[in-house]
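# Overview (structure and organization)
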Amino acid sequence: LKTFSLTILGSGAALPTAKRNPSGQFLNCNNRHILIDCGEGTQNQIRKHKLPLQRISHILISHLHGDHFFGLVGLLSTMHLLGRDKGIHIYGPPDLEQIIRMQLEIGGSRLPFSLNFYPLQKIKNQLIFEDKVIEIHSFTMKHRVDSWGFRIQEKEKERTLNAELFYGEKRSMEHIPALKKGLDVELEDGSKLLSADYTFPASKPKSYAYCSDTMYFEQILQSVLEVDYLYHEATFLHKELDRALATMHTTALQAGEIASKAKVKNLLIGHLSARYETGKELLAEAKSVFDNTFIVEDGDVFEF
Ligand SMILES: [Zn+2]
């Protein structure tokens, strides 16, 4: 069962091109609709790809370079015009709240829905949201301004009941919750129902991590360890390492190294500099160290 659906809205770096919009991703995780970064044009991309704009409940903003958030106030304004009344939760660098509220206020807009803002903290790894099914963590990265990565993951799942066996033996339903949790149940006659007999193992929780923008930074390894999909920026080819260091970005080779060291299952590279006509060379470079690499294009969908 696929419980994650990730749509790439923007795969380019700071300079938008006809082919690549600035950063934005739409993640549906167990029917939680999460927007990650919101560069200029993000709302058009959401509509172009027929994604449910009003169902976005959480917006995560990595840092305050324009190509990661210039589309935010426009999106909020559109949500308002389309009649939204459900509140929204925005996680971003502390200064973002003031920027949003000032832009709205000066234009005289009063949102008819609540805007709940949560400033990200400079903590190596922090749980910023959880419900019964998912968790969202933020972690600090290294860029010219404060920048955060995000990890969205499912919680540990319960084991599933072997209904045929359980009901076949006419067992009492009151024991189901314990068995699903992996606990054995002692019956009044002293006999035992073993969880291992009556349930099947839980499926492994899935996870996704987003790292853009950052320079090569091994401190993030722990936060992205073994995720199913890691999106990591790969702005430059390694032959332009000087440029990558000066602008505090990552090369495709380095993105592959992070993926390899963090033992992730798949690597997605994006945030590609407009100087590259195609991503071919970047992809080949990342694949030279980490084979399961994919280069993203606007509109790509990854389901897992
Ligand atoms: Zn940046």
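Above this text sits the structure in question.
Residues numbered from 1 in each chain as written. Predicted model: local features only at pLDDT ≥ 70, side-chain atom pairs only at ≥ 80, totals over all residues. Heavy atoms only, no water.

Another point: helix 2 (residues 72-81). Among all positions in helix 2, only L72, V73, L75, L76, T78 and M79 are buried. Contacts from the buried residues of helix 2 go to strand 3 (32-38), helix 1 (42-48), strand 4 (56-60), strand 5 (88-92), helix 3 (95-106) and strand 6 (115-119). Just downstream of helix 2 lies G83, where phi reads positive at about 90°. (Buried < 20%, exposed > 50% of the residue type's maximum accessible area, 1.4 Å probe, protein only. Helix = DSSP H or I, 4+ residues; strand = E, 2+ residues; numbered from the N terminus. Contact = heavy atoms within 4.5 Å.)

What follows deals with the pattern of salt bridges. By the definition in use, this model includes twelve salt bridges. In this structure, R32 engages D131 in a salt bridge whose closest nitrogen and oxygen atoms are separated by 2.8 Å. Of this pair, R32 sits in strand 3 while D131 sits in the loop between strand 7 (126-130) and strand 8 (134-140); the two residues are 99 residues apart in sequence, bridging distant segments of the chain. For R32, a relative accessible area of 22% gives the class partly exposed. Of the charged contacts in the structure, one is a salt bridge between E218 and K261, with a shortest N-O distance of 2.7 Å. (Salt bridge = Lys/Arg side-chain N within 4 Å of Asp/Glu carboxyl O.)

Before going further, it helps to spend a moment on the layout of surface pockets. In this structure, the largest pocket occupies an estimated 250 Å³ of space. A13, A14, T235, F236 and H249 are the residues nearest the centre of the largest pocket, which is lined by 17 residues in total. Within this model, the second largest pocket holds a volume of roughly 210 Å³. Lining the second largest pocket are 13 residues, with R151, Q153, K204, P205 and S207 sitting closest to its centre. A per-element tally of the lining of the second largest pocket places strand 9 (residues 148-154) first, with three residues. In terms of residue class, the lining of the second largest pocket is made up of two nonpolar, three polar and eight charged. (1 Å grid on protein atoms, 1.4 Å probe; cavity = no way out; pocket = protein on both sides within 12 Å on 5 of 7 lines; lining within 4 Å. Points joined across faces, edges and corners; volume = space filled by probe spheres on them. Nonpolar A, V, L, I, M, F, W, Y, C, P; charged D, E, K, R; others polar.)

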